[in-house]
Amino acid sequence: MSQVGLRVSEACKLDLADIKWDLGRFGKLHVRHGKGARGSGPRERMVPLINGADRTLRWFIEDVWGQFDDDHTRPGAPLFPSERRNTDGSSRRVSDDALRNGLAAAAGAHLPGWADTLTPHVLRHFCASELYLGGLDLLGIQAVLGHSWIATTMRYIHVQQTRVEDAWVSGQQRAAKRLEGLIG
């Protein structure tokens, strides 16, 4: 969720078959159950597996997913299975609460200062901010997060206090190099 900004409900509803390794440079996730705007129903989108998400998913599928003893060829096999079983013996989907509680427990154990603050939604904001800091433009971030309005995306991006100063210094350095090229 922190790498591609999925909503917790979107992550829970992903199937193994929603990973499209052959699309794009890194592969893509087919988010079939994205949040719709103003009651419009689920909005689908393709989310590129950028920001290391391709490596994380490969690790999870190769080293973790098989521990749930489910059939990876079964139609509708959840990408994130639960330890609980359906009546036919197949794995259930992990629930929103299980992901939220797991994140809270991990934050409590490894980031005690964030234990009451770190939520899946905070991870979406973190993702947006990191993508922006890494140079992805607002329209790209909007597409990744599945926002209808660019104004919504802008509220997700939190820049460092020194962002303006850093951008100014960077601009001055570029201008100096251009000037050197003209003079030299």
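Please refer to the structure placed before this passage.
Heads up: these notes are all about the structure in this document.

Criteria and thresholds
Residues numbered from 1 in each chain as written. Predicted model: local features only at pLDDT ≥ 70, side-chain atom pairs only at ≥ 80, totals over all residues. Heavy atoms only, no water. Helix = DSSP H or I, 4+ residues; strand = E, 2+ residues; numbered from the N terminus. Rg over C-alpha atoms; globule rule 2.2 N^0.38 Å. Buried < 20%, exposed > 50% of the residue type's maximum accessible area, 1.4 Å probe, protein only. Contact = heavy atoms within 4.5 Å. Areas by Shrake-Rupley, 256 points an atom, 1.4 Å probe, with all protein chains shown as cover. Lys, Arg positive; Asp, Glu negative; His and termini not counted. Charge placed at Lys NZ, Arg CZ, Asp CG, Glu CD. Pairing = 2+ DSSP bridges. Polar contact = N/O pair within 3.5 Å; in protein donor to acceptor, adjacent residues only side chain to side chain.

Our focus in this paragraph is the overall build of the protein chain. Along its length, the protein chain carries seven helices and five strands. The order of helices and strands in the protein chain, counted from the N terminus, is α-β-β-β-α-β-β-α-α-α-α-α. A compact globule built from 184 residues would reach a C-alpha radius of gyration of about 16 Å, whereas the protein chain, at 20 Å, exceeds it by more than 25%. Dimensions of the protein chain, computed from C-alpha atoms along their principal axes, come out at roughly 75 × 40 × 40 Å. For the protein chain, with 184 residues in total, the buried portion stands at 32%. Considering only residue pairs separated by 6 or more positions, the protein chain has 44% of its internal contacts joining residues 24 or more positions apart. For the protein chain, the accessible surface area stands at approximately 11,800 Å², while carbon and sulfur atoms represent 55% of it. Of note, the protein chain has its 24 positive side-chain charges centred 7 Å away from the centre of its 21 negative side-chain charges.

For Asn51, which is not a glycine, the phi torsion comes out positive at approximately 65°. Within the fold, Asn51 resides in the loop between strand 3 (45–48) and helix 2 (53–64).

Strand order in this open sheet of three strands is 1-2-3, and the pairing throughout is antiparallel. Two strands in the sheet have a free side with no partner beyond their single neighbour: strand 1 (19–20) and strand 3. Sheet topology note: the strand 1/strand 2 (residues 28–31) ladder contains two bridges and is antiparallel. Bridge assignment links Lys20 to a residue of strand 2, and that residue is Lys28.

On to the side chain of Arg45, then. Along the polypeptide, Arg45 turns up in strand 3. Polar side-chain contacts of Arg45 include one of 3.5 Å to the backbone oxygen of Leu145.

In short, shape yes, function no, at least from these values alone.
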